[in-house]
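# Coordinate inspection notes
The lines below spell out each chain.
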Amino acid sequence: MFKEYTQYDALGLAGLVNSGQVSAKELLDAAVEQANKLNPKLNAIIHRFDQRAYDAAQAGLPAGAFTGVPYLLKDLSFSLAGEPITMGSRSVNIISESDSEIVKRMKASGVNTFGKTNTPEFGLIITTEPKSSGAAHNPFKKGYSTGGSSGGSAAAVSSGIVPMAGAGDGGGSIRFPAAWCGVFGMKPSRGRNPMGPAFGEGWDGAVADHVITRSVRDSAAMLDATSGAEVGAPYVIAPPTGSFLQAAMRAPRPLTIALHTQPLIANTVVDKEVLAVLEQTVKQLEAMGHRVVAAEPAINIDKFWHDFIVVVCAHTAFTIDNIERKFGAEHVRNLEPQTYNMALLGRSLSAVDLVHAKHGWHDSQYQTGKLLEQYDMILSPTVPSAAVKHSILPPSRMEEMLMRSSSVLNKGFDMGKFAFSSGAIEKLSQPVLGKMAFTLLGNITGLPAMSLPLGMSKKGLPIGIQLIGRMNDESTLFSLAGEMERAGLFSKPAFEK
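To keep things clear, this report deals only with the structure shown in the data block.

About the thresholds
Residue numbers run consecutively from 1 along every chain, following the written order of its sequence. Per-residue local features of the predicted model are confined to residues with pLDDT of at least 70, and side-chain atom pairs are confined, for both listing and counting, to 80 or more; whole-chain, interface and lining totals are unaffected and use all residues. Note: side-chain values were computed over all heavy atoms of the structure, leaving out hydrogens and water. We define a salt bridge as a contact between a side-chain nitrogen of Lys or Arg and a carboxyl oxygen of Asp or Glu at a distance within 4 Å. Strands are runs of DSSP state E lasting at least 2 residues, helices are runs of H or I lasting at least 4, and numbering of each runs from the N terminus. Classification of residues uses two cut-offs on accessible area relative to the type maximum, computed with a 1.4 Å probe and protein chains only: under 20% is buried, over 50% is exposed, and between them is partly exposed. Each Phe, Tyr or Trp ring, with Trp reduced to its six-membered ring, pairs with another whose centre is within 6.5 Å; inter-plane angles below 30 degrees give stacked pairs, above 60 give edge-to-face pairs, and intermediate values give tilted ones. Any Lys NZ or Arg CZ found within 6 Å of a ring centre and within 35 degrees of that ring's normal is scored as a charge over the ring.

### Some details on the pattern of salt bridges
Scanning all chains against the criterion turns up 16 salt bridges. A salt bridge links Lys-303 to Asp-307, with the shortest nitrogen-to-oxygen separation between them at 3.3 Å. Placement of the pair is Lys-303 and Asp-307 together in helix α10 (residues 301-327), with a separation of four residues, close to one helical turn. The class for Lys-303 is partly exposed, based on a relative accessible area of 35%.

Right, dumping it as structure tokens:
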């Protein structure tokens, strides 16, 4: 086996293949050995198709930035022809007939995909503990959450199975697990990467697909490979000046950065350890010549959570209805209770409710845009705490029993509208939404945002710090992240602990 496999990032491994020092098969051998050794403890990978990858290595992979690099896809929005997609559900088991557009572009970069990673059902919760395949374990501490919904991908990258893996972000689902697993995660601007051909945009533009990586340059190079217009896209955004990889390799100009410390979800407490890492980051940025000023976006937090939940519940109802229509009722017969209830809530909403929520999104976009007229980017925690133990974030058994009873109570009574008006939804969702109190801003506004691994808790769990950039300006984010990485500020991934 190629014993130095984990010492290289994806671009480094591709460079070895291109120079003839190792073969794509040798890299795959190393990745498969890592997966066989580590995945039984992590449960990060839930579908394997090693032979397909060996066949691809033998046939010859496309010449690109990542030729021969072993790769994994999140089992949610990435369709790979001939392979199952389950979306983290016990009910869904669909064989993809074709590649999604972003998968086509990832394949063209030369990656060699040999599996799919664990995710919660439909990506609806920020911990990867689905009933379908069981919980993914944090590579730093067994029994702790990886975060979600790209938790399997983050665990696979941090543990050294692969140097990068496909991921998606609708409420923090790239940045959240990147923070809890101690790796780098960039959510691109709305419209930067393709979502088609099946969809124009996910969750009304909240969702962005990309990768989780160990190095900044890998993330930048993959965005160079995948970004750009696609047929049927709802809009086309401006391409960068130069490449994202070039941006990641150069130092940024002196930046003025807004320091955002007030959670956008009520009753959220930020851990002292997280605040300490944030304060340390401020000092490091200032020492590098940047200016950091306390400044908060003028967001109505009473509407902020509600507007997000309305849009996501409406899309959950659509997703379940769409799967049932296309593939049959058997694919939605055994949904998890919280998924069923989010769909129930979605069906109880009117078109007017949805438009009101989207108007609220615009208010948040406008207020954040006004702030970014004065500042180059926004600095905050990624998550208010380090990783928590399994079973804390998913609904308890009692809550699940109450959720199941709602299907009975809903007959002849609008349970959905009652749940919103009574305050029950706010109370039930607070533990999860509270963890998303800083990441949600990037999804509602569509702004590019990244999580950097910049600290560790006393328990030995990673702490991530978030930076949100101006619309379409991933380049400046990559430049600053690259500068911080080269300065040695990143904490080590799990396989180096």
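### Points about unusual backbone geometry
A cis amide bond, omega 10°, links Gly-148 with the succeeding residue Ser-149. Here Ser-149 lies in the loop between β5 (112-117) and α5 (151-159). That bond from Gly-196 to Pro-197 is cis: its omega, 5°, falls within 30 degrees of zero. With respect to the helices and strands, Pro-197 occurs in the loop between β7 (184-187) and β8 (208-213). Backbone geometry places Asn-472, a non-glycine residue, at a positive phi of 70°. Topologically, Asn-472 is positioned in the loop between β13 (462-469) and α17 (474-486). Overall, the relative accessible area of 28% leaves Asn-472 in the partly exposed class.

### Quick notes on helix α7 (residues 216-226)
Because the α-helix completes a turn every 3.6 residues, residues three or four places apart line up on one side. Most of α7 is tucked away: eight of the eleven residues are buried. Taken together, the buried positions of α7 are occupied by Val-216, Asp-218, Ser-219, Ala-220, Ala-221, Met-222, Leu-223 and Thr-226.

### Some details on the packing of aromatic side chains
Geometry of an aromatic ring pair is reported as the spacing of the ring centres plus the angle between the planes. By the definition in use, this model includes six aromatic pairs. A centroid spacing of 6.5 Å and a plane angle of 15° characterise the contact between Phe-184 and Phe-490, whose relative ring orientation is stacked. You can see Phe-184 sitting in strand β7 and its partner Phe-490 sitting in the segment after α17, a full 306 residues away along the chain. Exposure class is identical for Phe-184 and Phe-490. Each is buried. Here the aromatic residues Phe-184, Phe-244, Phe-478 and Phe-490 are joined through ring pairs into a cluster of three or more. Stacked on the ring of Phe-49, the Lys or Arg Arg-52 has its end atom at 6.0 Å from the ring centre.

Read these as geometric descriptors, not functional statements.
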